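Summary of the model geometry
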Amino acid sequence: MENKPARVRIVDAAHELMLGIGLARVTTKEIARVAGCSEAALYKYFRSKEELFVTVLGERMPRLGPLLGDLRAGEGDLEENLREIARQATLFYQQTFPVLASLYAEPRLKRRHDEAMREMDAGPHKPIEGLDAYLRAEQQAGRVGAGTDTYAAASLLLGACAQRAFAYEAGGSPQSPDDFVASLARTLLGGIS
C-alpha cells in the first residue's frame with residue numbers, strides 16, 4: 001500500500017476497515033495507521049470520517065449514483081435499464097449494509113452521521129431522487145404511464161434491492177440475482193407502463 005499516493009491509501013484503508021468492522025467502530029486514527037500515514041495527513045484530504053465514508057461509497061462501492069446520472073430518457077430498452085439499475089442497487093446495498101449496520105446500534109452516532117450527510121447533500125435518499133428523475137423523464141418521453149407516481153416506483157425498486165441485501169444474507173434467496181433483477185424490472189415495468 002505504501003507505493004500508492006496518500007489519498008488512495010487512506011480511501012483503501014477506510015474501505016477495508018469499514019467493511020471489516022463497520023462505520024461506527026472505525027476511527028480516523030485507525031484508518032491513518034492502516035494507510036501508513038498520520039491522522040493529520042488524513043485530515044489534509046478529508047474534513048471528517050463522514051466525508052471519507054462518502055468518498056468510499058463513490059469510489060469503492062458499485063456505481064449506482066453515476067449509473068442513474070448517465071441514463072437518458074428514451075435511450076435503450078427501458079426494462080433492461082431497470083434491470084441494470086436493480087443489479088447495481090443490489091450490489092451497492094449488499095456492500096454498504098455491513099458498513100452502515102453498526103450505526104443503527106448507536107443512536108447518537110447515527111444522528112451525527114445523518115447531520116453530516118445532510119451538510120454534504122448526500123445520503124440514502126439520493127438514489128431514490130435520481131431514479132425518480134429518470135422515471136419522470138421517461139414519463140415525459142411517453143415510456144412510463146402518465147398517472148405513475150415515479151417517486152413511489154423508484155422507492156419500490158430500490159427498496160426491494162435493499163431488502164434483498166438485508167434479508168437474504170441470513171436466509172438465502174429464493175431467486176438467483178439475475179432472476180431477481182429481471183423479475184423486479186419486469187414487474188415494476190408492468191405497473192408503470
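Further up the page is the structure itself.
Structure report, in brief.

Cut-offs used in this document
Residues numbered from 1 in each chain as written. Predicted model: local features only at pLDDT ≥ 70, side-chain atom pairs only at ≥ 80, totals over all residues. Heavy atoms only, no water. Helix = DSSP H or I, 4+ residues; strand = E, 2+ residues; numbered from the N terminus. Expected span 1.5 Å × (residues − 1). Salt bridge = Lys/Arg side-chain N within 4 Å of Asp/Glu carboxyl O. Buried < 20%, exposed > 50% of the residue type's maximum accessible area, 1.4 Å probe, protein only. 1 Å grid on protein atoms, 1.4 Å probe; cavity = no way out; pocket = protein on both sides within 12 Å on 5 of 7 lines; lining within 4 Å. Points joined across faces, edges and corners; volume = space filled by probe spheres on them.

**As for helix 8 (residues 125-140)**
With 16 residues, helix 8 ought to run about 22 Å at 1.5 Å a step, and its terminal C-alpha atoms sit 22 Å apart, in line with that. Two residues or fewer past helix 8, G142 is found with a positive phi of approximately 85°.

**A word on the pattern of salt bridges**
The final tally for this structure, using the stated rule, is 14 salt bridges. Of the charged contacts in the structure, one is a salt bridge between D121 and K126, with a shortest N-O distance of 3.1 Å. We note a salt bridge from D132 to R136, for which the minimum N-O separation is 3.3 Å. Placement of the pair is D132 and R136 together in helix 8, with a separation of four residues, close to one helical turn. Residue class for D132 comes out buried when judged on its relative accessible area of 10%. Each of K4, R7, D12, E59 and R60 takes part in one network of salt bridges that share partners.

**What about the layout of surface pockets?**
Approximately 790 Å³ is the volume attributed to the largest pocket. Contributing to the lining of the largest pocket are 35 residues, with L57, F92, G123, P124 and P127 lying nearest its centre. Mapped by element, the contributors of at least two residues to the lining of the largest pocket are helix 4 (49-60), helix 5 (64-70), helix 6 (78-101), helix 7 (107-119), helix 8 and helix 9 (150-171). Sort the elements by how many residues they give to the lining of the largest pocket and helix 6 lands first, with seven residues.

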